[in-house]
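# Structure assessment
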Amino acid sequence: MAPIPPPVDYNRLAADYARFRTANPQIVRALVEHSEAGPASRVLEVGCGTGNYILALHGASGSACWGIDPSAEMLAQAHARQGSVAFRAGTAEGLDFPDAFFDLVFTVDVIHHVGDRAAYFQEAHRVLRAGGRVCTATDSERIIRLRQPLAVYFPETIEIELRRYPAIAELRRLMQDAGFAEVAEDVVEFAYDLTDIQAYRDRVFSVLHLIPEAAFQRGLARMEDDLRRGPIRGLSRYLLLWGRKPWRTPMR
Ligand SMILES: C[S@@+](CC[C@H](N)C(=O)[O-])C[C@H]1O[C@@H](n2cnc3c(N)ncnc32)[C@H](O)[C@@H]1O
């Protein structure tokens, strides 16, 4: 079996990430609506990076918000943006918060980086109040294969991503083992026109650091060529995997 690709150094990517990556508005809307987050809610984003999602969620809901991330450089970018979200260092596997503290705990584009996913879901369950929600925004195999423009121009990314990303069935099992109920999937999509491909030239997408140089240059040349003819169609698509901490502990 092919080896799992090496971890990505987010300290090195942080400045470019802050320049180019933004929150997908459909994810923010789904997080707020499905969890019913409002001004009285407490929300934690695990692996918040430069703060794109938790800042947008705070703006949309008025909830009290926390963001944690292990990368000092990603957190420095988050801190530089504004002060209404509490950003701190931390990892998914050990959440430094009291029991039953949050109404919503979520990750976006993070679960494939988490080494001990069982520990994360147990921790998420612990820090959620009864009836609170957990959400994992990630890519299914189908989404990885149909990524636009990434898989179109850099098809070599597909097999690497399939080795990095956990299967949805595995995540469901881990959530159920941790005690989550009402486990359900939703897919959100956001179409856009790409008129500037600097983020691709700068390899802001971590998987572009993991394909061979020749494959990267070949894909980029095709992108540059197509861009000369007009905007490139992009589609940001995510699977949201939801779960709920039961109101009562089930009888064994
Ligand atoms: C692709 S970025 C996503 C950042 C942010 N959620 C967003 O979508 O803009 C992945 C983030 O996961 C963080 N990360 C990596 N391993 C982690 C872990 N074990 N626990 C929590 N976060 C982790 C990285 O430092 C990085 O900031």
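Before going into details, it helps to say that this report is about the structure given with it. Quantities reported herein were computed from a predicted structural model and do not represent experimental measurements. (Residues numbered from 1 in each chain as written. Predicted model: local features only at pLDDT ≥ 70, side-chain atom pairs only at ≥ 80, totals over all residues.)

### What about the overall build of the chain?
Of the regular secondary structure elements, the chain holds eleven helices and seven strands. Rg of the C-alpha trace for the chain: 18 Å, near the compact-globule value of 18 Å for 252 residues, within the 12% margin. Counting the 252 residues in the chain, one finds 38% classified as buried. (Helix = DSSP H or I, 4+ residues; strand = E, 2+ residues; numbered from the N terminus. Rg over C-alpha atoms; globule rule 2.2 N^0.38 Å. Buried ≥ 20, exposed ≤ 12 C-beta atoms within 10 Å, placed from the backbone.)

### Thoughts on the sheet that holds strand S4 (residues 102-108)
Here seven strands make up an open sheet; going across it, the order is S3-S2-S1-S4-S5-S7-S6 and the pairing mixed. Each of the sheet's edge strands pairs with one partner strand only, and the pair in question is strand S3 (85-89) and strand S6 (181-194). Strand after strand, the sheet turns through a mean of 20° between neighbouring axes, direction not considered. Strand contacts of helix H3 (residues 52-61): strand S1 (42-46), strand S2 (64-69), S3 and S4, with the helix running at about 180° to S2, the strand carrying the most contacts. (Pairing = 2+ DSSP bridges. Axes fitted to C-alpha atoms, helices over the stretch in contact; angles between N-to-C directions. Contact = placed C-beta atoms within 7 Å.)

### Examining the packing of helix H5 (residues 117-127) against helix H9 (residues 168-178)
Where H5 meets H9, the axes come as close as 9 Å, and the angle between the chain directions of the two elements is 45°. As summarised for this structure, H5 and H9 are arranged oblique, according to the angle between their axes. Seen from above, H5 lies across H9 with right-handed handedness. Residues Arg117, Ala118, Phe121, Gln122 and His125 of H5 touch H9, and the partners they reach there are Leu174, Met175, Asp177 and Ala178. When the residues that make up the contact of H5 with H9 are grouped by side-chain class, the tally is five nonpolar, two polar and two charged. (Parallel < 35°, antiparallel > 145°, perpendicular 65-115°, else oblique. Left-handed = near helix turned anticlockwise from the far one by under 90°. Nonpolar A, V, L, I, M, F, W, Y, C, P; charged D, E, K, R; others polar.)

### Some thoughts on the environment of phenylalanine 216
In this fold, phenylalanine 216 is placed in helix H11 (residues 213-229). Look at phenylalanine 216 and you get buried, because 20 C-beta atoms sit within 10 Å. The spatial distance from the C-alpha of phenylalanine 216 to the C-alpha of glutamate 156 is 8.7 Å, given a sequence separation of 60 residues. In this view, phenylalanine 216 contacts Phe154, Leu208 and Ile211; residues no more than four positions away in its chain are not counted.

### Notes on unusual backbone geometry
The omega torsion of the bond from glutamine 148 to proline 149 falls at 10°, within 30 degrees of zero and hence cis. If you trace the backbone, proline 149 turns up in the loop between helix H6 (141-145) and helix H7 (150-153). The residue glutamate 36 is not glycine, and still its phi comes out positive at about 55°. Of note, glutamate 36 is situated in the loop between helix H2 (25-35) and S1.

### Side note on H9
Among all positions of H9, only Leu171, Leu174, Met175 and Ala178 are buried. End-on view of H9: buried residues confined to an arc of 100°, all on one side of the axis. Turned more than 90 degrees from where H9 packs its buried face, Ala169 and Asp177 sit exposed. Its buried side turned inward, H9 meets H5, strand S5 (128-138), S6 and strand S7 (232-244). (Arc of directions from axis to C-beta.)

### Notes on the pairing of S1
Of all the five residues making up S1, four are buried; the element is thus mostly covered by neighbouring parts of the structure. Both S1 and S4 contribute to a ladder of three bridges, which runs parallel. Counted as the bridge partner of glutamate 45 is phenylalanine 106 from S4.

### As for H11
The terminal C-alpha atoms of H11 lie 25 Å apart, and with 17 residues this matches the ideal 24 Å at 1.5 Å per residue to within 8%. Just downstream of H11 lies glycine 230, where phi reads positive at about 150°. (Expected span 1.5 Å × (residues − 1).)

### Points about the nonpolar core
Counting 52 residues, the largest nonpolar core has Ile27, Leu31, Tyr53, Leu57, Val105 and Cys135 as its most contacted members. If you look at the next biggest cluster of nonpolar residues, it comprises six residues, including Phe205, Leu208, Ile211 and Phe216. (Core = buried A, V, L, I, M, F, W, Y, C linked by C-beta atoms within 7 Å.)

### A look at the environment of glutamate 123
Of note, glutamate 123 is situated in helix H5. The spacing of glutamate 123 and phenylalanine 97 is 26 residues in sequence and 9.4 Å in space, taken between C-alpha atoms. In contact with glutamate 123, not counting residues within four places along its chain, are Glu93, Gly94 and Leu95.

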